[in-house]
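# Secondary and tertiary structure notes
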Number of protein chains: 2
Amino acid sequence: MLDFANRLETLRARMEEHKIGLMFLTPGANLFYLTGIPHRDHYRTDHNAYGDWAVGGYIGLNEGVILTAPRMGGEYFVSQVEGKPWFEPVRIIDESEDPLEVMRQVVSRFDLKGRRVAIEDHAWAETVQALRLLLPETEFMMASKLIAPMRMIKSEAELDLMRKAGQICDGALQEALARLQLGVTAWDIENEIDYQLGMMGADFNSFPTNVLFTNPLKDPGLSLRKAERRLEPGDAITFDFGCIYKGYASDFGRTAFAGEPPAEYLRMHSLVLEAQQAAMHAMKADQITAAQANAIARSVIEKGGYGPEFSHRLGHGIGVTVHEPPWLDVVDHTILRAGMTFTVEPSIRIPNGYHNRVEDVVLVTPEGGVSLYGTSRELYRVG
Amino acid sequence: MLDFANRLETLRARMEEHKIGLMFLTPGANLFYLTGIPHRDHYRTDHNAYGDWAVGGYIGLNEGVILTAPRMGGEYFVSQVEGKPWFEPVRIIDESEDPLEVMRQVVSRFDLKGRRVAIEDHAWAETVQALRLLLPETEFMMASKLIAPMRMIKSEAELDLMRKAGQICDGALQEALARLQLGVTAWDIENEIDYQLGMMGADFNSFPTNVLFTNPLKDPGLSLRKAERRLEPGDAITFDFGCIYKGYASDFGRTAFAGEPPAEYLRMHSLVLEAQQAAMHAMKADQITAAQANAIARSVIEKGGYGPEFSHRLGHGIGVTVHEPPWLDVVDHTILRAGMTFTVEPSIRIPNGYHNRVEDVVLVTPEGGVSLYGTSRELYRVG
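Residues numbered from 1 in each chain as written. Chains lettered and ligands numbered in written order. Predicted model: local features only at pLDDT ≥ 70, side-chain atom pairs only at ≥ 80, totals over all residues. Heavy atoms only, no water.

The next point concerns the overall build of chain A. In terms of helices and strands, chain A carries ten helices and 20 strands. Its C-alpha radius of gyration of 23 Å places chain A within 12% of the 21 Å reference for a compact globule of 383 residues. Taken across its 383 residues, chain A has 63% of its residues classed as buried. Within chain A, residue pairs in contact and separated by at least 24 positions form 69% of the contacts whose partners lie at least 6 positions apart. (Helix = DSSP H or I, 4+ residues; strand = E, 2+ residues; numbered from the N terminus. Rg over C-alpha atoms; globule rule 2.2 N^0.38 Å. Buried < 20%, exposed > 50% of the residue type's maximum accessible area, 1.4 Å probe, protein only. Contact = heavy atoms within 4.5 Å.)

Structure representation (structure tokens):
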């Protein structure tokens, strides 16, 4: 069971420590993490409900959490606070009201004398403008400073959900492989994966599914024509996809090949696997930084001659969002702790040439990194 | 052809008028509308690249548009500015740099003496904080004030893309109807629709697809169990979905019924159609406000005895985003103009009872509203 009451208690102790009297969170991953309101799939372009810029959770030091919601669609929030005693009744914003006045009423409920306000880092500029207007004397800071460290360490209940999110990916991969015959397009396979993720119980995708065919010999740049170019012998196929299951994310990568792979491609695959294994082996709790784990994997691929073609960081934290701190990257010197979860996803991507990538979600333990996924990392074969 | 150079020229004239020296836009619909950088599907939880809070388009009065991009993934932006002479070369933010310093360099390129800065309304709080730090004396305002009025009036080229986005929805509906047999779940049908939208050429969904089974007699509240409850005779089925095609949105609604509909359900369907027709008939350019169009449809449903069950606004503007001003709602007194496009989507939704909705995208003309979609609004029948 996810223990929201305990998380809120921890947060409030941290707020007190940082002299924060109010935290404003938009509906999303942080609000889910702290209060259990499920974060839903994004509106892909924009959503606009009356007063939506004033909508979110207002968390004080002692008061119940106040959730504001638009009238239209507000029943979702009303149904979700049921059975969650840490909430006050939802404050619905009606079209007959000025949303700024509603925000003023809500904000006035909190004692902000000598205290700061923390805002969701990704709250809208529009929302910041309104809060500054209402609280001209108040100092603002970003909410992630308090919440991100809490989210980094996963409980067993969280890991169980993340494992299940991974199993769904594995199931979708098997279905995609079954469909992966000469003549299909990458677009077809992406759609198949999305369909299977939903059918197997995912809440929604954690990011847009990416299936790439690459083949330097016949067709450079074909990644731009996903819907047209059909699978041919000699193509490499890279899969990168993930889903959300009961609020927790997966992120998953495997590689396949159509026909007989060239010897050099087999060497690329071995290098990628070796880099992943080297990093996982080294990811022992309290013994290594995020940047060091990145460097270990990178050095394997550099020695193999593909340094420039490993063009991204080794991985990223993952939990209620698919990408979250810490980062397995040169810029992040966080020490890895037991219970942290990261993607470990080395790749070799030759511009206009072959791509190869393998990606697992990995749990940091005292003995090293352990994959949450059971799927074989072999080079899958087609045709 | 979408004329981006002309749009930028119009914007800059408006910026000059409002004494704005710089507009900052995050990658998204506004940046696409003004400069042609395609807006992509959202990361469904969070995306985080190094320096991403400094990433976006910086538009001045005379300079070329400066686009900043994260190094990792930046090749997308580099490829997209090609062939667009209104851009300067992309400014990539490397992991070896402080993103705040990059932002400082970029901002220093613009003459802001005596001028204001306009920010994307949905830019992140993090980004606002950085801009305020760099420009402590500068007055900020929301970018939508300038861009939203431009986006309201659609050109023929835009309408063509919106028609095509609607045709894709129609195609997906036909496939969904073919699959809609007794025993399927609403979840299955949602997945089928998403799959078909992709297969038929949509860039991505414009919002999460919503298929609801409703049946007051046997199973109140079944909308909460989409993945389990199987279609039975006596169920109403409402469809609400849309897609993005080459940057432009559709939003589409139809209703079906499994088995023989009760007489009262047929009356509900007729009322919804009548309300839609009444509003469309009245939506003549320069002769009616958005709120008045809403009131006309509402009065039809109120007279029919279902006022409280028509629980939302009549519709919303639509274009490069699926929901945008003006709003066919009590709060919006904008006069409708030729070339504006709105969803017209009356509904009757009885809590724990039957739902019915029909939705078209409608173009305002001097003769009244004209649907962009050709699909029959009949009550589709199953089983």
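Picking up where we left off.
With that settled, the discussion passes to the packing of aromatic side chains. One pass over the structure, following the stated rule, counts 21 aromatic pairs over all chains. A ring pair is formed by Tyr195(A) and Tyr195(B), whose centres lie 4.8 Å apart and whose planes are at 35 degrees; its orientation type is tilted. With Tyr195(A) in helix H8 (residues 186-199) and Tyr195(B) in helix H8 (residues 186-199), the pair connects residues from two separate chains. The two residues Tyr195(A) and Tyr195(B) agree in class, both being buried. Chaining the aromatic ring pairs together yields one cluster made of Phe4(A), Phe32(A), Trp86(A) and Tyr248(A). (Phe/Tyr/Trp six-rings, centres within 6.5 Å; stacked < 30°, edge-to-face > 60°.)

Bringing unusual backbone geometry into the picture now. Residues and elements named next belong to chain A. The omega torsion of the bond from Pro-325 to Pro-326 falls at -5 degrees, within 30 degrees of zero and hence cis. Mapping Pro-326 onto the fold places it in strand S14 (residues 324-328). Of note, the phi angle at Asn-352 is positive, near 60 degrees, even though the residue is not glycine. For Asn-352, the position within the fold is in the loop between strand S16 (347-349) and strand S17 (355-357). The class of Asn-352 is exposed, set by a relative accessible area of 53%.

For the structure shown, the criterion picks out 48 salt bridges over all chains. The partner of Glu156(A) in a salt bridge is Arg163(A), and the shortest N-O contact between them spans 3.8 Å. Note that Arg71(B) and Glu95(B) form a salt bridge whose closest N and O atoms lie 2.8 Å from each other. Separated by 24 residues along the polypeptide, Arg71(B) in the loop between strand S3 (66-70) and helix H3 (74-81) and Glu95(B) in the loop between strand S4 (91-93) and helix H4 (99-107) bring together distant segments of the chain. Residue Arg71(B) is classed as partly exposed on the basis of its relative accessible area of 28%. (Salt bridge = Lys/Arg side-chain N within 4 Å of Asp/Glu carboxyl O.)

Right, let's get into the domain arrangement of chain A. Residue and element names in this part refer to chain A. One can read the domain layout of chain A as domain 1 (4-151) and domain 2 (156-382). Using only C-alpha atoms to locate each centre, domain 1 and domain 2 end up separated by 35 Å. The interface of domain 1 with domain 2 comprises nine residues on the first partner and nine residues on the second. The contact between domain 1 and domain 2 buries some 740 Å² in all, and 60% of this surface belongs to carbon and sulfur atoms. Broken down residue by residue, the surface that domain 1 buries against domain 2 is led by Phe-32, His-39 and Arg-151, which jointly contribute 55%. The interface formed by domain 1 and domain 2 includes two salt bridges. Viewed at the interface, domain 2 and domain 1 are joined by five residue pairs in polar contact (both at pLDDT 80 or more). (Domains from an automatic or database assignment. Buried area = accessible area lost by both parts, 1.4 Å probe. Polar contact = N/O pair within 3.5 Å; in protein donor to acceptor, adjacent residues only side chain to side chain.)

Quick look at the sheet that holds strand S8 (residues 210-214) of chain B now. Residue and element names in this part refer to chain B. Pairing is mixed across the open sheet formed by four strands, whose spatial order is S8-S9-S12-S20. Strands at the two margins of the open sheet, each flanked by one partner only, are S8 and strand S20 (380-382). Adjacent strand axes in the sheet meet at a mean angle of 25 degrees, parallel and antiparallel pairs treated alike. As paired strands, strand S9 (residues 236-241) and strand S12 (residues 252-258) are joined by six bridges and run antiparallel to one another. Bridge pairing links Phe-239 to Arg-254 in S12. (Pairing = 2+ DSSP bridges. Axes fitted to C-alpha atoms, helices over the stretch in contact; angles between N-to-C directions.)

Let us now look at the relation of the copies chain B and chain A. Put simply, the two copies of the chain differ by a rotation about an axis and a shift along that axis. Of the two same-sequence chains, chain B is brought onto chain A (RMSD 0.0 Å, axial shift 0.1 Å) by a rotation of 180 degrees. Taken together, the rotation and translation relating the two chain copies correspond to the operation of a two-fold axis. In this assembly the copies share their binding face: 100% of the residues contributing to the interface of chain B also contribute to that of chain A. (Least-squares fit on C-alpha atoms with pLDDT ≥ 70 in both.)

Below, the discussion takes up the interface of chain B and chain A. Counting from both sides, the interface comprises 59 residues of chain B and, opposite them, 59 residues of chain A. Regarding the contact of chain B and chain A, the summed buried area is about 4,900 Å², with carbon and sulfur atoms giving 57% of it. Seen at the junction of chain B and chain A, the total is zero salt bridges. Here chain B is connected to chain A by 18 residue pairs in polar contact (both at pLDDT 80 or more). Looking at the side of chain B that touches chain A, the elements that each hand over two or more residues are helix H5 (125-134), strand S6 (140-142), H8, strand S7 (204-205) and strand S14 (324-328) of chain B. The dominant element in the side of chain B that touches chain A, judged by the number of residues it contributes, is H8(B), at eight residues. Partitioning the side of chain B that touches chain A into residue classes produces 25 nonpolar, 15 polar and 19 charged. (Nonpolar A, V, L, I, M, F, W, Y, C, P; charged D, E, K, R; others polar.)

Turning next to the pairing of strand S9 (residues 236-241) of chain A. Residues and elements named next belong to chain A. Within S9, six of the six residues are buried, leaving the element largely enclosed by the surrounding structure. Along S9, one buried face is formed by Ala-236, Thr-238 and Asp-240 and the opposite face, lined by Ile-237, Phe-239 and Phe-241, is buried too. As paired elements, strand S8 (residues 210-214) and S9 share five bridges and run antiparallel to each other. Bridging across to S9, Val-211 finds its partner in Phe-239.

Sheet strands line up and pair through hydrogen bonds in the backbone, either parallel or antiparallel. Residues and elements named next belong to chain A. The strand order across the open sheet built from six strands is S4-S3-S2-S1-S5-S6, with neighbouring strands paired in mixed fashion. Each end of this open sheet is capped by a strand with a single partner; those strands are strand S4 (91-93) and strand S6 (140-142). The average angle at which neighbouring strand axes cross in this sheet is 20 degrees, direction not considered. Of the pairings in the sheet, the one linking strand S1 (residues 20-25) to strand S5 (residues 116-119) comprises four bridges and is parallel in character. Bridge pairing in S5 places Phe-24 opposite Ile-119. Each of strand S3 (66-70) and S4 is contacted by helix H3 (residues 74-81), which is oriented at about 155 degrees to S3, the strand it contacts most.

Turning our attention to the packing of helix H1 (residues 4-17) of chain B against helix H6 (residues 144-152) of chain B. Residues and elements named next belong to chain B. Orientation of H1 relative to H6, taken along the N-to-C sense of each, is 140 degrees, at an axis distance of 10 Å. It follows that H1 is oblique to H6 by the angle criterion. Crossing handedness for the pair H1 and H6: right-handed. On H6, the residues touching Arg-7, Thr-10, Leu-11, Arg-14 and Met-15 of H1 are Lys-145, Leu-146, Ile-147, Pro-149 and Met-150. Counted by class, the contact of H1 with H6 contains six nonpolar, one polar and three charged residues. (Parallel < 35°, antiparallel > 145°, perpendicular 65-115°, else oblique. Left-handed = near helix turned anticlockwise from the far one by under 90°.)

To continue, consider helix H1 (residues 4-17) of chain A. Every α-helix carries 3.6 residues per turn, so stepping three or four residues along brings you back to the same face. Residues and elements named next belong to chain A. With 14 residues, H1 extends 20 Å from end C-alpha to end C-alpha; this agrees with the ideal 20 Å at 1.5 Å per step. Three or more residues of H1 are buried, namely Phe-4, Arg-7, Leu-8, Leu-11, Arg-12 and Met-15. One side of H1 carries all its buried residues, which in axial view fall inside an arc of 135 degrees. Residues of H1 that are exposed and point more than 90 degrees away from the buried face comprise Glu-9 and Glu-17. Those residues of H1 that are buried lie in contact with S1, helix H2 (29-35), strand S2 (56-60), helix H6 (144-152), helix H7 (156-179) and strand S11 (248-249). (Expected span 1.5 Å × (residues − 1). Arc of directions from axis to C-beta.)

Moving on, we get to the state of the cysteines. All names here are of chain A. The full count for this structure, using the stated rule, is zero disulfides over all chains. Here Cys-243 is not cross-linked by a disulfide; its sulfur's nearest cysteine counterpart is in Cys-169, at 4.4 Å. Overall, Cys-243 belongs to the buried group, its relative accessible area being 0%. (Disulfide = S-S within 2.5 Å.)

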